[in-house]
Protein chains: 2
Amino acid sequence: ACLIGMADSLEDILTVRNQETRKPKVAKGTQDYTPIQMAIRKQVMRAIADVFERHGAVQIDTPVFELKETLMGKYGEDQKLIYDLKDQGGEQLSLRYDLTVPFARFCALGNVEKIKRYHIGKVYRRDEPQLAKGRFREFYQCDFDIAGTYDTMLPDAEVITVFCEILDQFFPNGGFQVKINHRKLLDAIMEVCGVPQQKFRPICSAIDKLDKEPWDNVKREMIDEKGLREEVADRIGEYVVLKGRPKEMIERLDTMTNLLKSTSAQTALSEMKLLVDYVTALGVIDRLCLDLSLARGLEYYTGVIYEAVTLSGESGIGSVGGGGRYDHLVGMFAGKDIPAVGVSIGIERVFAAIESKFGLKGDASSAAASETATDKKKGGKSGGATRDGTGSQQQQQSSEVHSVVRDAATDVLICTIGDNLLLERLAMARELWDAGIACEFVYVEKPKLNKQLNHASDNKIPLAVIMGEDELSKGVVKVRFLTHGPPAPQEAPAADPTSSSNGVNTATTQ
Amino acid sequence: ACLIGMADSLEDILTVRNQETRKPKVAKGTQDYTPIQMAIRKQVMRAIADVFERHGAVQIDTPVFELKETLMGKYGEDQKLIYDLKDQGGEQLSLRYDLTVPFARFCALGNVEKIKRYHIGKVYRRDEPQLAKGRFREFYQCDFDIAGTYDTMLPDAEVITVFCEILDQFFPNGGFQVKINHRKLLDAIMEVCGVPQQKFRPICSAIDKLDKEPWDNVKREMIDEKGLREEVADRIGEYVVLKGRPKEMIERLDTMTNLLKSTSAQTALSEMKLLVDYVTALGVIDRLCLDLSLARGLEYYTGVIYEAVTLSGESGIGSVGGGGRYDHLVGMFAGKDIPAVGVSIGIERVFAAIESKFGLKGDASSAAASETATDKKKGGKSGGATRDGTGSQQQQQSSEVHSVVRDAATDVLICTIGDNLLLERLAMARELWDAGIACEFVYVEKPKLNKQLNHASDNKIPLAVIMGEDELSKGVVKVRFLTHGPPAPQEAPAADPTSSSNGVNTATTQ
C-alpha cells in the first residue's frame, strides 16, 4: 500500500511535470507585445524616428546576429552577457549586444567614410531580468550616430541636441537631466590623484557606481578591491562630488591649476567649452549638468560622454539612455579609424513610463508572472497571461488607455439586417476598402444586428453602415455614428441595441 | 635559405590569415540593409501594413527566440533548418523559423479566443542561401492571421482578399496568380487512388514538388522512394494535372462521382463553393486558380491552402507568399483548439523585384560577394562591400533610384557666408527644427559656401538657407531653391557654386 501510494504520488509528479512542459511559455526575460503595447510602441518609435529624420539621418539595419569575433573585446566585463548561437557546423555567431558595435562593423565593411544614421532594433543581454522595472533580455534600442572626420564637437553637439529633443517629448517640463562628462577629464583626475595608468579602467568602473552607491562604498571598492592607497581615493573623492551647470563648472575647473597640468584636462576643457557654446546656440544647454562622477561602463568611449536620468515622479526608471564619442571602434574592424559619436535611447523605459501613466501597470505584473513561470527554481506557478487586447482581458484595462490608443484602425463596421445579405455585406466591404476606408464585418452568415453592434462596441469602431432589404431596394444605406461609453453596469437592461446599455450610443442616425 | 624561405612564406600565410580574420564580415546568408534599401523597405512595409490595418488587424510582436520545445514537431523535415542557441546554463532556445508557430504559442499563452492580427518580423532558416534570388538566412515575413471560431470560410475569404490586395500593389495588371487547393481534397484524391493513410504526408510532399519538377520525376519519387504501386501513382497523376478557374474546376469536380464517395472530398468541395462565392463578392476571384497539384510543405495545414506566384517578367522570383487554414496548431499549446487561417507574404522577394526594377541589382551582387567572403571553403576573396548611400559608392547607383527614393529627409541646408557665423548657423537650425522642418548644417567651423552647396547636392537637399553678415544686419536670410541634375562631366569648370557644374542648379534666388 505504501509502495502503491508512492507510485501514485510519483505519477502525480510526473503528470504535473509533463503538463508544465507543455504549457506555453516565452523564454526567460522576454515578452510578447500585445496590440495595445504595439500601438504605443509604434507611436513612440515614430516620434523618435521623426526627430532623427528632422536631423537628416538615414536609417540602416543589420542582422540580429554577428560573428562572435565581431563582438569580442568590446564590452569589458559585460561580455559574459552575450547570447551565443549553438555551433551547428559553420560560423560562430552571437546575438548583438547593442547597435553600436554592429554599426562600426557596418561602416568598416562598407568602407563608409561618413554617415549620419539611425537604427531602431532589438538587442540581447543575458542579464538578470527585472521585468517590473522594464529590464528585459530582449529589448529595443534607438540609436543615432554620426561617423566621419569633422570639426571638433560639432557632431557631438548635434547628437546631444537630438537626445534632448527626444527626451523633451516624453519627459517634458524639466522631467529629465543629461549628465555630461569627458573621458579625458576623468583620465586627468586619476592622473593628478596618482592612480597608476593600468588602474584607470577599473577605477573608472568603480566611479561609475556613484549614481547608485554612496561614496564610502565606492571608496572601499577602490581601496580593498582595486588596491588604491586611501589618500589617492580621498583625492579622487574631492573631484567626483563636483557637479553643476556646465558654464559654472567650467569656470571652476579653469581655476584648478593642479588638474590643468594634465594635457588631457586641457584638451577636455577646451572641448567642453566649445560644446557648451554650441549646445547653447542649439537651445538645449539648460538640460545639461556637468557631473564629474559620470564614467559610463563601456570600454570604447574616448571623448565626451553623457547619460540621461528622469527627474519626475517615476522613481526607479533611472537612466533612459546615453552615449558618447568613440573614435577607435571602427578602426578595430577597418584599416583606419573613423571618428564617431552617438547616443542610444533606452526606449523600453520610455514605454514603461507611458504604460504606467496610462494605467497599464497590469502589463508589468503579467510580465512578471511570466518570468516566474519560466523560472525553474520557483517552478509550479502558472501565469504568464499575456493580454491580447481583443479578448475578455481587454475589459480590465483602464478605459482611459483606449480613449488615447485604439488597438485597431477600423473605422466602419458593415452590418446587415435580415438573413440573406451576406454577399451584399462583402461587396460593400470591397467598395469601402477600394476607397481606402478601414472596415470590417462579423464572420457570421446570419448575424443579428445586436451582435454586430456589440462587435463595434467591443472594438471601439466609430461608424456602422447598416443595410436591410429596404435600403437595398432604395439603393441606400444607413450610416450610424456610434459613441462608445464606459462599460454599462451589469444590472442594466441589455435588449435594445440602440440604447447605451451595451456601451453603444447612437449619436446620429441618418 | 630554404628554411628561411619557408618561414617567410609561412609568415605570409599567417599574416594573410590574420588579416582575413580581422576583416569585417557579416554572418553567412545575412545582409546589412543600406539607407536606400531601408527607404524602399519602409515604403513597402508601410503599404502592406496599411492593407492589414484597413482590414481591422491589430499588430503584435513576439520574441525573436522561443523555447526549443515550442518549435519542435511543427515543420516536418525543415526542422533541421532551425537555429539553436548555445546552452549557456538555462533554457534551450531557438530562433523563430516563421511567425505562425509563435503566433499560435502567443494565442495559447494569452488565452486569446479570437484575434485578427498582423506581424512583420524577421525569421531565421539555416538553408543554403541564394542571395541573387533574394533567399537569405535572415529575412522578413509579413503575416496576417485570423484566429477564432467563425462561420465557414468567411475568415478564409478575407485572408485571401488581403493577400490579393497586397500583391495587386506590387505586381499589378495580372502580374501574379494565387493557386488554391484544399488539404481535404488532396486527402480524398490519395484515398480514392489507393494510397495507404500513413503515406498521405510523404506523398503530399512529393506532389508539392510539381511546381519545380516534371511529373515523371515526381512519379519516380512516389514509386521508388515512397513505395507506391505504379498504377496508384498513375491514378494520382490524372488528378494533379487538373487546374483552372475555380468555378469551372468546381463544376468539373462535381461530376467526379468516384472522388465524391470520399466525405473529405464532399467537405472540401462544399467549402470551396462557399469560398468562391465569397471571394467573388470580395472582388478577387479572377486572381485565383484552383490547382490540384498545390500541396504546401508544412504539416499543420488542415483546410484551404494557397500560394502566390508572379507571372510577369521577373523569372525566378517564383512564390511570393502563401498560407492556409490550421485548426489544430493553437491546440498543440493550449488545452483546446482555436481554429485559425492566415497568410505569410515573402516580402524579400518583393524587395528584390523592386530593387531590380530600380536598377539596384548592384546590391544583389555585393551581397553575393559578402556571401563569398564568409564562405570559408572559397576563402581568400575580399568583398562584401556594403554601400552606405552617403559615401562615394552612392555615385555608382542609378540616378533613377534617387529620383524615386531619397535616403534622408533633409529639406533645408543652413549655409553661412564668412568665417564667424557658426553659432548663428546653429541657432537657425534650432528655429527650423522647432518649426518641424528637417534641416542640416555642415560640421565645419568655417566652411566655404561652395562646400556647403556641394553637401546639398550630394544629399539631394532641395533648399538652402544662406546667411552672411549682410543678411544678419538686415534681419533676413536668402532662400535658394536647388535642383539637382545628374553628376556633371569631370572636365567641366567647377568654380562658381551657382552654376550647374557641380550638380547644383539655382532655380530661384530671393
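Coordinates for the structure precede this section.
Description of the side chain of Ser94 of chain A
Residues and elements named next belong to chain A. Locating Ser94 in the fold gives a position in strand 3 (residues 93-95). Accessibility expressed as a relative area gives 0% for Ser94, which makes it buried. Within the structure, the side chain of Ser94 is placed 2.7 Å from the side chain of Asp84, a separation counted as a polar contact. Beyond its immediate sequence surroundings of up to four residues, Ser94 is in contact with Val64, Phe65, Glu66, Lys68, Leu71, Ile82, Tyr83, Asp84 and Leu85.

Concerning the relation of the copies chain B and chain A
For the pair chain B and chain A, the superposition axis carries a translation of 0.0 Å, the fit reaches an RMSD of 0.1 Å, and the rotation angle comes to 180 degrees. Look at the turn and shift together and you get a two-fold axis relating the two. The fraction of interface residues of chain B whose copies in chain A are also interface residues reaches 100%, indicating that both copies meet through the same surface.

Let's talk about the sheet that holds strand 4 (residues 115-124) of chain A
All names here are of chain A. Here we have nine strands laid out as an open sheet, ordered 1-4-5-11-10-9-6-8-7, and mixed in their pairing. Bordering the open sheet on either side are strand 1 (58-59) and strand 7 (243-244), each of which pairs with just one other strand. With two bridges joining them, strand 7 and strand 8 (residues 288-291) adopt antiparallel strand pairing. Opposite Gly244, over in strand 8, you have Leu290 as the bridge partner. Where helix 5 (residues 154-170) meets the sheet, its contacts fall on strand 4, strand 5 (138-147), strand 6 (176-182), strand 8, strand 9 (304-310), strand 10 (319-325) and strand 11 (340-345), and the angle it forms with strand 11 comes to roughly 10 degrees. Contacts from helix 11 (residues 263-281) reach strand 6, strand 8 and strand 9, with the element oriented near 150 degrees to strand 6.

Digging into the interface of chain B and chain A
How large an interface is tends to be reported as the accessible area lost when its parts come together. Each partner contributes to the interface: chain B provides 104 residues, whereas chain A provides 104 residues. Roughly 8,800 Å² is buried in total at the junction of chain B and chain A, and carbon and sulfur atoms are behind 57% of that figure. Counting across the chain B and chain A interface gives 12 salt bridges. Between Lys116 of chain A and Glu440 of chain B there is a salt bridge whose closest N-O contact spans 2.8 Å. Between chain B and chain A we count 46 residue pairs in polar contact (both at pLDDT 80 or more) in total. With six residues, helix 15 (residues 422-434) of chain B is the single largest residue contributor to the side of chain B that touches chain A.

Concerning the packing of helix 7 (residues 200-207) of chain B against helix 8 (residues 215-225) of chain B
Residues and elements named next belong to chain B. The N-to-C vectors of helix 7 and helix 8 enclose an angle of 160 degrees; their axes lie 9 Å apart at closest approach. Taken as axis vectors, helix 7 and helix 8 run roughly antiparallel relative to one another. Handedness of the helix 7/helix 8 crossing: right-handed. Within the contact between the two elements, helix 7 uses Ile203, Ala206 and Ile207 and helix 8 uses Val218, Glu221 and Met222.

A few points about the environment of Thr30 of chain B
All names here are of chain B. Looking at the secondary structure, you find Thr30 in the loop between helix 1 (2-22) and helix 2 (35-54). Owing to a relative accessible area of 2%, Thr30 belongs among the buried residues under this scheme. Once the C-alpha coordinates of Thr30 and Pro129 are considered, the two residues, 99 residues apart in sequence, prove to be 8.6 Å apart. In terms of polar contacts, Thr30 uses its side chain to reach the backbone carbonyl oxygen of Ala27, at 2.7 Å.

Concerning the packing of helix 5 (residues 154-170) of chain B against helix 11 (residues 263-281) of chain B
All names here are of chain B. In contact at an axis separation of 9 Å, helix 5 and helix 11 are set at 50 degrees when each is read in the N-to-C sense. By the criterion of interaxial angle, the relationship of helix 5 to helix 11 is oblique. The interaxial crossing formed by helix 5 with helix 11 has right-handed handedness. Where helix 5 approaches helix 11, its residues Leu154, Asp156, Ala157 and Ile160 are matched on the opposing element by Leu275, Tyr278 and Val279. Per-class residue counts for the contact of helix 5 with helix 11 are six nonpolar, no polar and one charged.

Concerning the sheet that holds strand 8 (residues 288-291) of chain B
Residue and element names in this part refer to chain B. The nine strands lie next to each other as 1-4-5-11-10-9-6-8-7, forming an open sheet whose pairing is mixed. Two strands in the sheet have a free side with no partner beyond their single neighbour: strand 1 (58-59) and strand 7 (243-244). Both strand 1 and strand 4 (residues 115-124) contribute to a ladder of two bridges, which runs parallel. The residue of strand 4 that forms the bridge with Gln59 is Tyr118. Running over the sheet, helix 5 touches strand 4, strand 5 (138-147), strand 6 (176-182), strand 8, strand 9 (304-310), strand 10 (319-325) and strand 11 (340-345) and is turned about 10 degrees from strand 11. Along the sheet, helix 11 makes contact with strand 6, strand 8 and strand 9, crossing strand 6 at roughly 150 degrees.

How each quantity is defined
- Per chain, the residues get numbers from 1 upward, laid out in the order the sequence is written.
- As a convention, the first chain written is A and the first ligand written is 1, with the rest following in written order.
- Note on the predicted model: pLDDT of at least 70 is required for a residue's local features to be given, and 80 or more for side-chain atom pairs to be given and counted; whole-chain, interface and lining totals, by contrast, use all residues.
- Each side-chain value is derived from all of the structure's non-hydrogen atoms; neither hydrogens nor water enter the calculation.
- By definition, any uninterrupted DSSP run of H or I lasting at least four residues is a helix, any uninterrupted run of E lasting at least two residues is a strand, and each is numbered from the N terminus.
- Residue burial is assigned from relative accessible area. The probe radius is 1.4 Å, only protein chains are included, and a residue is buried under 20% of its type maximum, exposed over 50%, and partly exposed in between.
- Under this definition, polar contacts are N or O atom pairs within 3.5 Å; protein pairs additionally need one hydrogen-donor-capable and one acceptor-capable atom, and for neighbouring residues in sequence, both atoms have to be side-chain atoms.
- Contacts were defined at the residue level, with two residues in contact if any of their heavy atoms lie within 4.5 Å.
- To line up the copies, we fit them by least squares on C-alpha atoms, keeping just the residues with pLDDT of at least 70 in both.
- Note on pairing: two strands pair once DSSP finds at least 2 bridges between them.
- Axes, fitted as lines to C-alpha atoms, cover a helix only where it is in contact. Angles between the N-to-C directions of the axes lie from 0 to 180 degrees.
- Here the quantity called buried area is the accessible surface, traced with a 1.4 Å probe, that two parts lose on coming together, added over both.
- Just to be clear on terms, a salt bridge is a Lys or Arg side-chain nitrogen sitting within 4 Å of an Asp or Glu carboxyl oxygen.
- Orientation categories follow fixed angle ranges, with anything under 35 degrees roughly parallel, anything over 145 roughly antiparallel, 65 to 115 roughly perpendicular, and all other angles oblique.
- When the near helix sits turned anticlockwise from the far one by under a right angle, the crossing is termed left-handed; a clockwise turn instead gives a right-handed crossing.
- Residues are grouped as follows: nonpolar covers Ala, Val, Leu, Ile, Met, Phe, Trp, Tyr, Cys and Pro; charged covers Asp, Glu, Lys and Arg; every other residue, Gly included, is treated as polar.

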